[in-house]
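# Close look at the chain arrangement
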Amino acid sequence: MKKLAKLLFATVIAGSLLFSVTAFAAPESVTVIGSGWENSTYDSETGVLSNGSYEFKVTISGTEFTVDYSSPVTAANVVIPESFTYNDVSYTCTAVGSYLLAGSSSTPNESVTSLYIPATIATYKDHAFRKCTALKTVTFEDRTKTIAEGQYIFSECSSLEEITLPTAYDNINKATFNKCSNLKSVTLSHNTTTIGAYAFQLCTSLKEIVLPANVSKIDSEAFLQAGLERVICIGTSRLNTIGKKVFGGTPLKELIFTNPTAPKTMNATSFVKVPENMVVYYPYNAAGYDKSTFVASGLAETAQLVPCGGYIINISKNAENTVVNYGIINEESIALIALYDSNGVMTDVKSLTNTEDSVIFDTTDAAKAKIFTWESIASAKPFGVSYEYTVNN
């Protein structure tokens, strides 16, 4: 009997200890910054941060943390938390882990329709939001500091319709948006320098894209079999490389360059299987836009290279005004001419017409003039500057 009593007593004590430990490890309330995270709990043992609707596993490093997959997210609207405070210590969310919402490559997330990402996020790991097949909208709080982008971040988000990337998103990495078959609108950061391999491959609903002035390289198959009909490359001469099959198999009708210098390196298959009647527009008097170079890159012999815009013949000044004489290369792509004073301030803008070859400005402080190139006079949709003239006083 004594042995049995001792055993029973030991069992009761062990049970009490177990109950005590379990109670101590229960999730505790925390303060979380992020819409929908007002009544949250954090389990310090499991590292799970929950708002009652969905949860993420938190990996802490110093005062920063990464959100990782914890369990299937079934909520429609998801907000990545900006920070949380626990035991009087504040932690900032700076990274998003792989397959955050889907969990793995074999299990798509079919619930999440909208996603909000705070400006604190500096790192997106590979496959971060891949296979979120119901995701339609992504809202980034703008970030100006450096961002490290992984690969396949939004790959196979087949319901995604539009995306505007934050300022610091300077590298569209490998397959970032590939197979986003419903993607119709993309606004890249002006800091974008590289369009990675397969970045927009099979984005069949994407009809037009504007590549900012800082883009220097478009890597292999970046737009392979996308729905592109028009591509506009704006700005400077930084675009040096167009890789293999970049525009392969697209229904591309117009490739519009406002760059003063043609790309230095194009692969033999850069334009393979694009329409035979495609047109390449380039600025008047620009360098390197030779048809044979484009044909050697897969463009059909029947395609056209068309200089567009206009040019300034001379600028003359008298006691009362400034006269700008100009010529037109492509009448349908000219809209206006702007005059700048000695401080670089635009002082006046005049429309160009098909029947005149000069415009008069009511000023004598004229240091520079620019002719702006437009898609057409009727639509007044700008795609760059084709010609600039500096006045020699």
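### Overview of the overall build of the protein chain
- Of the regular secondary structure elements, the protein chain holds two helices and 31 strands.
- Put simply, of all contacts in the protein chain between residues at least 6 apart along the chain, 51% involve residues at least 24 apart.
- Carbon and sulfur atoms provide 50% of the accessible area of the protein chain, an area that totals close to 18400 Å².

### A closer look at the nonpolar core
- Phe129, Phe177, Ile195, Phe200, Ile218, Phe223 and Phe247 are the most contacted members of the largest nonpolar core, which has 83 residues in total.
- Examining the composition of this core, we find that three residues originate from one element, strand E8 (residues 89-96), more than from any other.
- In this structure, Ile312, Val324, Tyr326 and Ile337 belong to the second largest nonpolar core, which totals twelve residues.

### Observations concerning the pairing of strand E4 (residues 55-61)
- As judged from the three bridges shared by strand E3 (residues 48-50) and E4, these two strands associate in the antiparallel manner. Bridge pairing in E4 places Val48 opposite Lys57.
- Between the end of E3 and the start of E4, which pair antiparallel, lie four residues, with Gly52 showing a positive phi angle near 95°.
- Relative to strand E5 (residues 64-68), E4 runs antiparallel, the two being bridged by five bridges. In the sheet register, Ser61 faces E5, and the bridge partner there is Glu64.
- Taking the residues between adjacent antiparallel strands as the criterion, E4 and E5 are bridged by two residues, where Gly62 takes a positive phi near 70°.

### Observations concerning unusual backbone geometry
- Positive phi values are uncommon outside glycine, yet Asp88 reaches one of about 70°.
- Note on placement: Asp88 falls in the loop between strand E7 (83-86) and E8.
- Judged by relative accessible area, which is 80%, Asp88 ranks as exposed.
- Positioned with a positive phi, Ala175 is a non-glycine residue whose angle comes to about 60°.
- Among the secondary structure elements, Ala175 is positioned in the loop between strand E14 (171-172) and strand E15 (185-187).
- For Ala175, a relative accessible area of 0% puts it in the buried group.

### Describing the packing of aromatic side chains
- The final tally for this structure, using the stated rule, is 22 aromatic pairs.
- Ring geometry for Phe140 against Tyr169: centres 6.4 Å apart, planes inclined by 70°, an arrangement best described as edge-to-face. Here Phe140, found in strand E11 (residues 137-140), pairs with Tyr169, found in the loop between strand E13 (162-164) and E14; they are 29 residues apart in sequence, far enough to count as distant.
- The ring centre of Tyr340 lies 5.7 Å from the NZ or CZ of Lys368, which sits over that ring.

### Digging into the pattern of salt bridges
- All chains considered together, the criterion is met by five salt bridges.
- Across the pair Asp219 and Lys217 runs a salt bridge, and its minimum N-O distance is 3.9 Å.
- For Lys217, a relative accessible area of 34% translates into the label partly exposed.
- Lys253 is paired through a salt bridge with Glu229; the nearest N and O atoms lie 3.9 Å apart. Residue Lys253 is found in the loop between strand E20 (241-242) and strand E21 (254-257), and its partner Glu229 is found in the loop between strand E18 (217-218) and strand E19 (230-233); the two are separated by 24 residues along the sequence.
- According to the relative accessible area criterion, Lys253 is exposed, its value standing at 51%.
- One salt-bridge network, in which partners are shared between bridges, spans Glu208, Arg230 and Glu254.

### Considerations on the sheet that holds E14
- With respect to topology, five strands assemble into an open sheet ordered E14-E16-E18-E20-E22, the strand pairing being parallel. At either margin of the open sheet sits one strand with a lone partner, and together these are E14 and strand E22 (265-266).
- Alignment of strand E16 (residues 194-195) against E18, held across two bridges, turns out to be parallel. Its bridge partner being in E18, Ile195 is matched across the sheet by Ile218.

### A closer look at the side chain of Ser270
- Within the element layout of this structure, Ser270 appears in the loop between E22 and strand E23 (279-283).
- On the accessibility criterion, Ser270 (0% relative accessible area) is buried.
- A polar contact is formed between the side chain of Ser270 and the backbone nitrogen of Asn267, at a distance of 2.9 Å.
- Those residues in contact with Ser270, other than ones at most four positions away along the chain, are Ile242, Gly243, Lys245, Val246, Phe247, Gly248 and Ser297.

### Some points on the environment of Lys179
- Mapped onto the fold, Lys179 is located in the loop between E14 and E15.
- Placed 20 residues apart in sequence, Lys179 and Ala199 show a C-alpha to C-alpha distance of 9.1 Å.

### Points about the sheet that holds E23
- Strand order in the open sheet formed by five strands is E17-E19-E21-E23-E24, and the pairing between neighbours is parallel. Edge positions in the open sheet fall to strand E17 (208-211) and strand E24 (304-308), since each of these has one partner strand only. Neighbour-to-neighbour, the strand axes of this sheet turn through a mean angle of 15°, independent of strand direction.
- Pairing of E17 with E19 involves four bridges; the strand directions are parallel. Pairing of Glu208 across the sheet is with Arg230, part of E19.

### With respect to empty space enclosed by the protein
- A complete count under the given rule lists one cavity of 30 Å³ or more for this structure.
- In this structure, the largest cavity spans a volume of roughly 50 Å³.
- Together, Leu211, Pro212, Ala213, Val215, Cys233, Ile234, Leu239 and Asn259 line the largest cavity.

The rules behind the values
- Residues numbered from 1 in each chain as written.
- Predicted model: local features only at pLDDT ≥ 70, side-chain atom pairs only at ≥ 80, totals over all residues.
- Heavy atoms only, no water.
- Helix = DSSP H or I, 4+ residues; strand = E, 2+ residues; numbered from the N terminus.
- Contact = heavy atoms within 4.5 Å.
- Areas by Shrake-Rupley, 256 points an atom, 1.4 Å probe, with all protein chains shown as cover.
- Core = buried A, V, L, I, M, F, W, Y, C linked by side-chain atoms within 4.5 Å.
- Buried < 20%, exposed > 50% of the residue type's maximum accessible area, 1.4 Å probe, protein only.
- Pairing = 2+ DSSP bridges.
- Phe/Tyr/Trp six-rings, centres within 6.5 Å; stacked < 30°, edge-to-face > 60°.
- Lys NZ or Arg CZ within 6 Å of the ring centre and 35° of its normal.
- Salt bridge = Lys/Arg side-chain N within 4 Å of Asp/Glu carboxyl O.
- Polar contact = N/O pair within 3.5 Å; in protein donor to acceptor, adjacent residues only side chain to side chain.
- Axes fitted to C-alpha atoms, helices over the stretch in contact; angles between N-to-C directions.
- 1 Å grid on protein atoms, 1.4 Å probe; cavity = no way out; pocket = protein on both sides within 12 Å on 5 of 7 lines; lining within 4 Å.
- Points joined across faces, edges and corners; volume = space filled by probe spheres on them.

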